[in-house]
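Chain by chain, the residues:
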Amino acid sequence: MKSWTRREFGGLTGAAVLTALRPRRARSQAKAKVAVIGGGVGGATVARYLASGTAPVEVTLVEPSGLYSTCFFSNHYLAGLRSFESLTHGYETLRRQYGIAVVHDSAAMIDPVAKIVGLSSGAKLSYDRVVLAPGIAFQDRAIDGYDAAAMQIMPHAWKTGAQTKLLRKQLQSMEDGGVFVLVVPPDPFRCPPAPYERASLVASYFQRHKPRSKILVLDAKSTFTGQDLFQDAWQRHYPGMIEWLPAEFTGGVKAVDVKARSVITAEETFKAAVANVIPAQKAGHLAQQLGLADRSGWCPVDPITFESTLQPSIHLVGDAIIAGDMPKSAFSANSQAKACAFSVASVLTGSSRSTPHLFNTCYTFLAPDDAWSNAISYKPLAGTIRTEHAFISKVDESSEMRRRAAREAEGWYEAFTRDVFG
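Reading guide: rules and limits
- Residues numbered from 1 in each chain as written.
- Predicted model: local features only at pLDDT ≥ 70, side-chain atom pairs only at ≥ 80, totals over all residues.
- Heavy atoms only, no water.
- Helix = DSSP H or I, 4+ residues; strand = E, 2+ residues; numbered from the N terminus.
- Rg over C-alpha atoms; globule rule 2.2 N^0.38 Å.
- Buried < 20%, exposed > 50% of the residue type's maximum accessible area, 1.4 Å probe, protein only.
- Contact = heavy atoms within 4.5 Å.
- Polar contact = N/O pair within 3.5 Å; in protein donor to acceptor, adjacent residues only side chain to side chain.
- Axes fitted to C-alpha atoms, helices over the stretch in contact; angles between N-to-C directions.
- Parallel < 35°, antiparallel > 145°, perpendicular 65-115°, else oblique.
- Nonpolar A, V, L, I, M, F, W, Y, C, P; charged D, E, K, R; others polar.
- Pairing = 2+ DSSP bridges.
- Expected span 1.5 Å × (residues − 1).
- Salt bridge = Lys/Arg side-chain N within 4 Å of Asp/Glu carboxyl O.
- Arc of directions from axis to C-beta.

Caption draft 1: The arrangement of the overall build of the protein in detail. Looking only at helices and strands, one finds 12 helices and 24 strands in the protein. Radius of gyration (C-alpha) of the protein: 22 Å, near the 22 Å computed for a compact globule of 422 residues. Principal-axis analysis of the C-alpha atoms places the extent of the protein at approximately 70 × 50 × 40 Å. The buried share of the protein, taken over its 422 residues, is 57%. In the protein, 67% of the contacts between residues at least 6 apart in sequence involve partners at least 24 apart.

This is the structure:
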């Protein structure tokens, strides 16, 4: 396997994407209609790149909310390092600059034969192709007692919004010396390193404001992404503050007692001052309703066209899909969305299809001035998506290199969100 430098990888990413998104020519001047359902990173990227390509396409983006707040970098908000407003983006540039019709409604049904999307308002959209980016939903009853009411006491904060603000308030009001219990779900889930980044940045907040407090991480797994990097950093930055208990030690989280604000494992009950319970996940509700998810709870797709293998003519991108080696991350969704946009444009214009280059780049914070990164390329292989080349930070990197990665991450956020939302 080739080892990539970050500079080499960044150059490859930009060149490949620009090349891939130029359909050769339109088959006719009549505009085809594409409906994109879901205005998160995957959906907004598909809409933008279809609308800005050379194919004559009318793009309608269906999204209930007028604003989208990113999950990535929400741990900075929890740690008091960013405002909530800095995470929030609108759709005005997509509408004004790219001519996308943004409809604030939700899809209630899709008729793939008549090619109609029915909206909750009763309106209907006809389409030539439809792309879904339904995101994630939480598995019901995965933890006994953890229902919608319990989430208001023990927030998951895994979809950025009211839950994130609630968890921030709880952390702010927690007494110094309290225990923050963080429950990590089983694989697969959105953004594999994010729970451990959350533990790290909350620890940095405690260090500044509540230095006698502790963090207890109750994990459904026995290993996790970036484990050596995180555990090295926890010893360097927060000695004695973070305790990680794997499933093989606790037997796994079985239930919560909301009144006692306790998390119950097979072996022991843990009392929390603040409990952040992240449940097991599956593809979003619309994907489940439309029969686009298999028994795993996730959506199988063709790795070249991102067309559903259960319902041809419907494309899917983002966290809801089964994407082989690609993690469920914002950058993965963005890369899949560009490949999907090219595939849809090819179908509509009669252009030839090509095998997409797919990428994931993540910056993960261990402390406000200490971040690690990875940059991985993927290719479709034998019906799935496999890792091709990878760059991953090492434990023994210098402090200056980590500080530089933290600064790069801030710039990455600004550039990435402009790429998605214009």
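Caption draft 2: Region of interest: the side chain of Arg-402. With respect to the helices and strands, Arg-402 occurs in helix α12 (residues 399-421). Looking at Arg-402, its side chain comes within polar contact range of the side chain of Glu-397, at 2.8 Å. Once you skip the residues sitting within four places of it in the chain, Arg-402 turns out to touch Leu-229, Arg-236, Leu-366, Asp-369, Asp-370, Ala-371, Lys-394, Val-395 and Glu-397.

Caption draft 3: Molecular detail of the packing of helix α2 (residues 41-51) against α12. Orientation of α2 relative to α12, taken along the N-to-C sense of each, is 60°, at an axis distance of 7 Å. Looking at the two axes, α2 sits oblique to α12. Two secondary-structure elements touch here, α2 through Val-41, Ala-44, Thr-45, Arg-48 and Tyr-49 and α12 through Phe-416, Arg-418, Asp-419, Val-420 and Phe-421. Residue composition of the contact of α2 with α12, grouped by class: 6 nonpolar, 1 polar and 3 charged.

Caption draft 4: Structural detail: the sheet that holds strand β13 (residues 242-245). The strand order across the open sheet built from 4 strands is β13-β12-β11-β17, with neighbouring strands paired in parallel fashion. The sheet terminates laterally at β13 and β17 (274-277), the two strands that pair on one side only. Across the sheet, the mean angle separating the axes of adjacent strands is 15° when strand polarity is ignored. By the bridge criterion, 4 bridges tie strand β12 (residues 214-219) to β13 in an arrangement that is parallel. The partner of Ile-215 across the bridge, within β13, is Ile-242.

Caption draft 5: A look at α12. The first and last C-alpha atoms of α12 sit 33 Å apart over 23 residues, in line with the 33 Å expected at 1.5 Å per residue. For α12, the full list of buried residues reads Arg-402, Ala-405, Ala-406, Ala-409, Trp-412, Tyr-413, Phe-416, Thr-417, Asp-419, Val-420 and Phe-421. Positive backbone phi, at 85°, marks Gly-422, one or two positions downstream of α12.

Caption draft 6: Seen up close, the environment of Ile-322. With respect to the element layout, Ile-322 can be found in strand β21 (residues 321-322). Considering only alpha carbons, one finds Ile-322 and Val-34, 288 residues apart in sequence, at a separation of 23 Å. Other than its neighbours up to four places away in sequence, Ile-322 contacts Asp-294, Ser-296, Trp-298, Cys-299, Pro-300 and Val-301.

Caption draft 7: The arrangement of the environment of Leu-94 in detail. Looking at the secondary structure, you find Leu-94 in helix α4 (residues 92-98). Linking Leu-94 and Val-256, residues 162 residues apart in sequence, is a C-alpha distance of 43 Å. When near neighbours in sequence (up to four residues on either side) are disregarded, Leu-94 contacts Ala-44, Arg-48, Leu-61, Gly-99, Ile-100, Val-420, Phe-421 and Gly-422.

Caption draft 8: Molecular detail of the pairing of strand β22 (residues 358-367). Across the 10 residues of β22, 10 count as buried, placing the element largely inside the fold. As judged from the 9 bridges shared by β22 and strand β23 (residues 370-381), these two strands associate in the antiparallel manner. Each residue of the ladder has a partner; that of Thr-364, found in β23, is Trp-372. Counting the residues that bridge the hairpin from β22 to β23 gives 2 residues.

Caption draft 9: Spotlight on the pattern of salt bridges. Overall, the coordinates contain 17 salt bridges when judged by the stated rule. Asp-370 is paired through a salt bridge with Arg-236; the nearest N and O atoms lie 3.0 Å apart. Of the two residues, Asp-370 sits in strand β23 while Arg-236 sits in helix α8 (residues 227-237), which places them 134 residues apart along the sequence. For Asp-370, a relative accessible area of 4% gives the class buried. For Arg-236, a relative accessible area of 41% translates into the label partly exposed. Each of Asp-232, Arg-236, Asp-370, Glu-397 and Arg-402 takes part in one network of salt bridges that share partners.

Caption draft 10: How the structure looks around helix α6 (residues 162-173). Given a rise of 1.5 Å per residue, 12 residues ought to cover 16 Å, and the 17 Å separating the end C-alpha atoms of α6 matches this to within 8%. For α6, the set of buried residues is Gln-163, Thr-164, Leu-167, Arg-168, Gln-170 and Leu-171. Looking down the long axis of α6, one finds its buried residues gathered within 160° of arc, a one-sided arrangement. Turned more than 90 degrees away from the buried face of α6, the exposed residues are Ala-162, Lys-169 and Ser-173. At its buried positions, α6 is contacted by α3 (74-78), α5 (148-151), β11 (179-184), α7 (194-209) and β17.

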